[in-house]
Amino acid sequence: MRLLLYKHKSVMKRILFMIILGLGGLMPVNRTLAQRAVDLFQAYSWEQASLQAARENKLVLVEVGPIDLKVERGIQTKPDLVNYLQRNVIAIRLNANDTKNSGFQTRLLMYEPPLFAFFMPYGDLLEMIKPGEVLQDPSALRETLEKAKERAAVKKRNSRSVRFEDLPFEEALAKAEEAEQPVCIYFTADRCQACLLLEKNVLNLDEVADYYNDHFVNLRVNTSRTQELARRYGIKQCPAFLFLNAKGKVIYQDEGAETKEQLLDNAALALKKAGGISFQELSDEEARAKAQQENKPVFIDYYIPGGAHKEMLRTVFADPEVAALFEQQFVNVARESGQAVLVFTDAGGNELHRVRNIMSPEDLLQEARMVLEGKGLAGMEKEFRQGSRRPEFLKSYMAMLGRADRYREAGEIAAVYFSALPSDCLRDAEYWDIFDRYYMLADTDLFQYVLTHRKELYDLYGEDKVRKKIAAVWIAGAENFVQDGVFDEVGFKAYTKRLKKEKVEEWRQIVRNARMHAAERTGDWRTFVDLAEEKWYEEKIPDAELYSWGVKINENCPDEAIRYKAAHWFVQAAQEMERKERVTGKVSMSSYKGFFEKLADDLVGKK
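Treat the numbers as computed from the prediction; the structure is a model and nothing was measured.

A. Looking closely at the domain arrangement of the protein. The domains assigned to the protein are domain 1 (46–157), domain 2 (169–275), domain 3 (284–375), domain 4 (423–522) and domain 5 (542–606). The distance between the C-alpha centroids of domain 4 and domain 5 comes to 33 Å.

B. Layout of the sheet that holds strand β13 (residues 351–355). One open sheet holds the four strands; their spatial order is β11-β10-β12-β13, and the pairing between them is mixed. Of all strands in the sheet, those with a lone pairing partner are β11 (331–336) and β13, marking the two edges. The average angle at which neighbouring strand axes cross in this sheet is 20°, direction not considered. Here strand β10 (residues 298–303) pairs with β11 via six bridges, running parallel. From the neighbouring strand, Val 298 faces β11, where its bridge partner is Val 331.

C. Representation of the packing of helix α21 (residues 445–452) against helix α23 (residues 463–478). Running from N to C, α21 and α23 cross one another at 140°; their axes reach a closest spacing of 11 Å. For the element pair α21 / α23, the angle class is oblique. For the pair α21 and α23, the crossing hand works out as left-handed. Here Phe 447, Val 450 and Leu 451 of α21 come into contact with α23, specifically with Ile 470, Val 473 and Trp 474. Grouping the constituent residues of the contact of α21 with α23 by class yields six nonpolar, no polar and no charged.

D. Focus on the packing of aromatic side chains. One pass over the structure, following the stated rule, counts 44 aromatic pairs. Look at Phe 326 and Phe 344: their rings are 6.3 Å apart centre to centre, the planes differ by 45°, and that puts the pair in the tilted class. One end of the pair, Phe 326, is in helix α15 (residues 320–329); the other, Phe 344, is in strand β12 (residues 341–345), with 18 residues separating them in the sequence. The buried category is assigned to Phe 344, whose relative accessible area is 0%. Ring centres of Phe 570 and Phe 596 lie 5.3 Å apart, and the angle between their planes is 55°; this geometry places the pair in the tilted category. Note that Phe 570 is positioned in helix α28 (residues 560–584) and Phe 596 in helix α29 (residues 593–605), a separation of 26 residues in sequence. Across the pair, Phe 596 and Phe 570 agree in class, each one buried. A cation sits over an aromatic face here: Arg 142 above Tyr 84, 3.6 Å from the ring centre. The ring of Phe 435 carries the charged tip of Lys 469 above its face, separated from the ring centre by 5.4 Å.

E. Seen up close, a positive patch on the surface. A cluster of basic side chains, namely Lys 493, Lys 497, Lys 500 and Arg 508, defines a positive patch on the protein surface. Ranked by residues supplied to the positive patch, first place goes to helix α24 (residues 489–501) with three residues. By the secondary structure assignment, Lys 500 is in helix α24. A relative accessible area of 46% places Lys 500 in the partly exposed class.

Cut-offs applied
- Residues numbered from 1 in each chain as written.
- Predicted model: local features only at pLDDT ≥ 70, side-chain atom pairs only at ≥ 80, totals over all residues.
- Heavy atoms only, no water.
- Domains from an automatic or database assignment.
- Pairing = 2+ DSSP bridges.
- Helix = DSSP H or I, 4+ residues; strand = E, 2+ residues; numbered from the N terminus.
- Axes fitted to C-alpha atoms, helices over the stretch in contact; angles between N-to-C directions.
- Parallel < 35°, antiparallel > 145°, perpendicular 65-115°, else oblique.
- Left-handed = near helix turned anticlockwise from the far one by under 90°.
- Contact = heavy atoms within 4.5 Å.
- Nonpolar A, V, L, I, M, F, W, Y, C, P; charged D, E, K, R; others polar.
- Phe/Tyr/Trp six-rings, centres within 6.5 Å; stacked < 30°, edge-to-face > 60°.
- Buried < 20%, exposed > 50% of the residue type's maximum accessible area, 1.4 Å probe, protein only.
- Lys NZ or Arg CZ within 6 Å of the ring centre and 35° of its normal.
- Patch = residues over 30% accessible without salt bridge, like charges linked within 9 Å, V, L, I, M, F, W, Y side chains within 5 Å.
- Areas by Shrake-Rupley, 256 points an atom, 1.4 Å probe, with all protein chains shown as cover.
- Salt bridge = Lys/Arg side-chain N within 4 Å of Asp/Glu carboxyl O.
- Lys, Arg positive; Asp, Glu negative; His and termini not counted.
- Charge placed at Lys NZ, Arg CZ, Asp CG, Glu CD.

Here you go:
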């Protein structure tokens, strides 16, 4: 009986022990919410958490403390929130006051603890939220996680970053010149949180990286280490983006851009501005209507297609100062023509000014400002008609006519200028320079003085220079026999005899060119074409000159037989260019082949 009782007690003890064990096994199921919350945060270091998050394809949630326990208790009241966080993050605690965590501070991108921060496994900060917000509404932590997941997905889809060149400023400009691209300078600073966020979240987006890498030479300048460029261009705050042309001139700048949209908009605007003046293809009537509507004068670029005009577009019209002035002050029109000239008119179509051979942005700015101030050619002509004969005025007037390629008229003004001076004034270099630039009358005492005293002038100014001027006067004289659309054949023949008598070099070419000029001015296109073809076969004609002949015929000659004959020139010329390309294997970017082919089609197709 005792034995049975002993066995019974032993069994009871065992059963009681098992029940206790069973209850102990069930304890995790009945843990308090406080105990459950402890399970969310694991005793990992940052490195361990990062590795585990990478393995499980999760983010890292760091409670950067110390954080008040009330915040955690608020989270613990949301079992669904805890479960959701456990499924998506590896959560750890780090005390910002612990010196062993000081290196972690840089990952916070200057956000101050305490805070909850979500990271990519490799350490990029995605989103953060302050404890006070979580205390007020624990579900805000989940909302922040959702934003972090969206940003993480973006980061995973993107693998490229803006490529910043490690070059000195001047070398970057040289590279931009060679690449025919603007320079983009990104200004940053050591203690600039917006800069850090920009670099972590925007500059490494494929769309941004590709756009900037494809279109710009990119530099990064840390203003904490050097202030030179920031001072030069007036940069006051970071981040800042400065877009320059290859000459270092400002195209566009923006301070404070922080989003993808802002960066892409800035880049697109900079590229548009880098393109320079926005020319429109408008008829005279359309240009006048637009000018009247906007109360602006009209600027017309009459151009010959080719390398020279491309260079003009690239170096002059694309200059930021030029583009800014012309976009603001003029209606800008571009027209293909047989003669390259820049013309300014008022809103009614009346010519105010014209100029050729612009060599720099500064030259064009000067001409435009004269127009805006009422000091263009039209103003000069009016002053001359009103009787002004002051030497300084006449010199300015000649110079302006020369820039407009109106040398015949400049020569007439030069004749007025020299009429008040003795012929031997040409011994003075100042007067010789004016004579050399503008004087074009062959039937005058002054020119006869030059012919008679040429050897003395050789000694003063060099034989080559004096001989060239004499030849230029003979050429100008030969082209002076058309008045009111009528060619003075008798006078021209007499002039030709004079050229022979004076033994003028290349007098035959002078006569032929003058006859071509006369034929063009009188509309005698058959003679023009015959002489042009003769010249083409006998001389080496530049492609630009040949093209200008075709444009003149295309625009002014309705005779189909003449047009067909001219079209044949351009077919031949294009075929010869194509043959050379096949033989050499080289294609010139400035070739006129395409222009010649189109012109040939236009000449044959136009009725």
